[in-house]
Amino acid sequence: MGLTKTYPDGTTPTIAVVGAGISGLCTAIQLQRQLQLSTYTVYELEADIGGTWHSNTYPGCQSDAPSHIYSYSFAPNYDFSKKFVKQSEILAYFRSTAKTFNIYDKIRFKTRITSMQWHETRRKWILRWVKDETNEEGQDEVDVVIHGTGLLRLPNIPKEFESFEGEIWHSARWNHSVDITGKRVGVVGIGASGAQIIPAIADQVHSLDVYGRSPCYITPQLNVTYNWVWRLLFRHVPFFFTFYRALSFYYVDSTFLLYYKLAWYSAFHRAVVYFVTWWHRFRHLPNDPKLRQQLTPAYELASRRIILSDTFFPAFKKPNVHLHSDPVVAVEGKKIKTRDGSEKELDVLILATGFDWVNNFPPGYFTGRNGIDIPVNWGDSPTTYYGTAVPLAPNFFLIWGPNSGIAHHALTTVIEIQVSYVIRTISHMMMNNVQSMEIKQSAAEDFLKLLDRRIKHTEFMTTVMPKFINSKGQCRGFWFGSVTEFRLRMRKLRPELYDAVMRAEGSKEDEQQARELGKKAGEKQYGHLNGDSTAVVDDDGLDM
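Looking up the protein chain in an unreviewed UniProt entry gives the name FAD/NAD(P)-binding domain-containing protein, with the organism given as Linnemannia gamsii.

In structure tokens form, the structure reads like this:
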């Protein structure tokens, strides 16, 4: 059965898509492709699309998921140069895709969404925004909000480093105006970003001091180059690309078993990866047992994300690269002191310290039904339905929201599944003349119970991931299963899980009168409304 593309009266809902990164771009394209819907606008904090791939420009930045599954299934790219491509190539793909589907004309760049509030009387969302360049402020009224800013948006800046008096920046905000050639440089963090930065700058700097207390499990990347033969096969041999992409998808998806505690269905996977990570470390550092020990994780495999790199371990064999595995105890001027007594003076300090997931929704930013501040109401247990629908927030959808994070696959896979679900929901609303749909609290709680049952069998319930463990000992933020299962569970819309409000039926005069009454109520509650009533919002669609 096809999708319904308009309400019975021929109108379509006005939609705000927040974020022009991978999530927001996918949403905007599918609104046009599947629903032929044009009553939307995209708001983007940055000057261009791309989200995290626009913001993260640090040396060595590249995808750690195979390129052909890190692209949209509906917009294949046969010309990727490697299996794992650099940031510039990924960004070029998303820019090209946006141009192909004429998305640029629908985006308001350098526009920050400051708040989203549900208007009870009019059953619409009121979005406040500000233009960063001019400080111009305004409000828009929309029927549906699709929030796609992702979780890799706000850099995490540890307070202990704020007093550093040299040049300092976060990896996601690389300062290209500072030449680090011949400088004394420090890198804090040896996670996914740090593992790419360290090898990329080691030969450029005078000295490189790396501060990392918790090393990751690292496997070889084995980055295949796609030469002209591969590209010929991808482009011209029937079904070859489809088969290759499907093979990559299901192979990567099978690695979710690594995240389960030792059991008959995960024992083989875990044993193989344990050996590969050990051999990879030993092969590159055979004569330095102390350094090998410093770079050996002290936690169970897959308690954290597994990193792919062929250059990380060799970087530490360079004479100008030094690893400090003791905690930093003081930052004085340009000096960094560690517990073992080491003291280093640096010219530049780079923070590869990840992202702040907790403050992604600051107080007052996201207000739902009955004036409830949704994130404050969540506390330390974000309540969502498959990271997509939110109780107390009618007509509001998250793309890659809390409880849909994955650590083993390309984010584009989950994003496409969620966008498809939202498209079907909007189509259902138009087909049945529904004004608003709100996921029931019971449906979201049943989903969280599924997560709680699933988490007991995984390695995530450890002290390695404390920021995802709430006060009740529950892990929130991730989907604990395969992407294939996620797709199967999201393949059908279940209207019985939603509370729906029908559109008012009557003459256009009645509708206009109701709108005027609602407008007066809105002015009393929110102030005078101005701006376009169609909006797609992008605050900084950071997805990785």
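After presenting the structure, the write-up continues.
Draft legend 1. Highlighting the overall build of the protein chain. Check the secondary structure of the protein chain and you find 14 helices and 22 strands. By its C-alpha atoms, the protein chain is 85 × 55 × 50 Å across when sized along the principal axes. Look at the contacts in the protein chain between residues 6 or more apart in sequence, and 74% of them connect residues 24 or more apart. Of the accessible surface of the protein chain, which amounts to about 23500 Å², a share of 53% is contributed by carbon and sulfur atoms. Counting 61 positive and 56 negative side-chain charges, the protein chain places the averaged centre of each group 6 Å from the other.

Draft legend 2. Geometry of the packing of aromatic side chains. Under the definition given, this model contains 44 aromatic pairs. With a centroid separation of 6.0 Å and an interplanar angle of 45°, the aromatic rings of tyrosine 104 and phenylalanine 109 are classed as tilted. The exposure class assigned to tyrosine 104 is partly exposed, which follows from its relative accessible area of 22%. Following the ring pairs from residue to residue traces out a cluster consisting of Tyr78, Tyr226, Trp230, Phe234, Phe240, Phe241 and Tyr244. Between arginine 108 and the ring centre of tryptophan 129, over which it is positioned, the NZ or CZ distance is 5.7 Å. Stacked on the ring of tyrosine 7, the Lys or Arg arginine 503 has its end atom at 3.8 Å from the ring centre.

Draft legend 3. Fine view of the nonpolar core. Ranked by size, the top nonpolar core spans 117 residues in total, and within it Tyr72, Phe94 and Leu208 carry the most contacts. Of the residues forming this core, the biggest block, 11 residues, is contributed by helix α11 (residues 411–431). Excluding residues within four positions of it along the chain, leucine 208 makes contact with Val185, Val187, Ile198, Ile201, Ala202, Asn320, Val321 and His322. One finds Tyr43, Trp125, Phe361 and Leu398 within the second-largest nonpolar core, a separate group that totals 21 residues.

Draft legend 4. Geometry of the sheet that holds strand β14 (residues 328–332). Taken in spatial order, the three strands of this open sheet run β14-β15-β16, and their pairing is antiparallel. Single-partner strands in this sheet number two, and they are β14 and β16 (343–345). Across the sheet, the mean angle separating the axes of adjacent strands is 20° when strand polarity is ignored. As paired elements, β14 and strand β15 (residues 335–338) share four bridges and run antiparallel to each other. Bridge assignment links alanine 330 to a residue of β15, and that residue is lysine 337.

Draft legend 5. Geometry of the state of the cysteines. Under the defined criterion, the tally for this structure stands at zero disulfides. Cysteine 216 supplies the cysteine sulfur nearest to cysteine 61, a cysteine that is in no disulfide, at a spacing of 16 Å. You can call cysteine 61 buried: its relative accessible area is 4%.

Cut-off values and rules
- Residues numbered from 1 in each chain as written.
- Predicted model: local features only at pLDDT ≥ 70, side-chain atom pairs only at ≥ 80, totals over all residues.
- Heavy atoms only, no water.
- Helix = DSSP H or I, 4+ residues; strand = E, 2+ residues; numbered from the N terminus.
- Contact = heavy atoms within 4.5 Å.
- Areas by Shrake-Rupley, 256 points an atom, 1.4 Å probe, with all protein chains shown as cover.
- Lys, Arg positive; Asp, Glu negative; His and termini not counted.
- Charge placed at Lys NZ, Arg CZ, Asp CG, Glu CD.
- Phe/Tyr/Trp six-rings, centres within 6.5 Å; stacked < 30°, edge-to-face > 60°.
- Buried < 20%, exposed > 50% of the residue type's maximum accessible area, 1.4 Å probe, protein only.
- Lys NZ or Arg CZ within 6 Å of the ring centre and 35° of its normal.
- Core = buried A, V, L, I, M, F, W, Y, C linked by side-chain atoms within 4.5 Å.
- Pairing = 2+ DSSP bridges.
- Axes fitted to C-alpha atoms, helices over the stretch in contact; angles between N-to-C directions.
- Disulfide = S-S within 2.5 Å.

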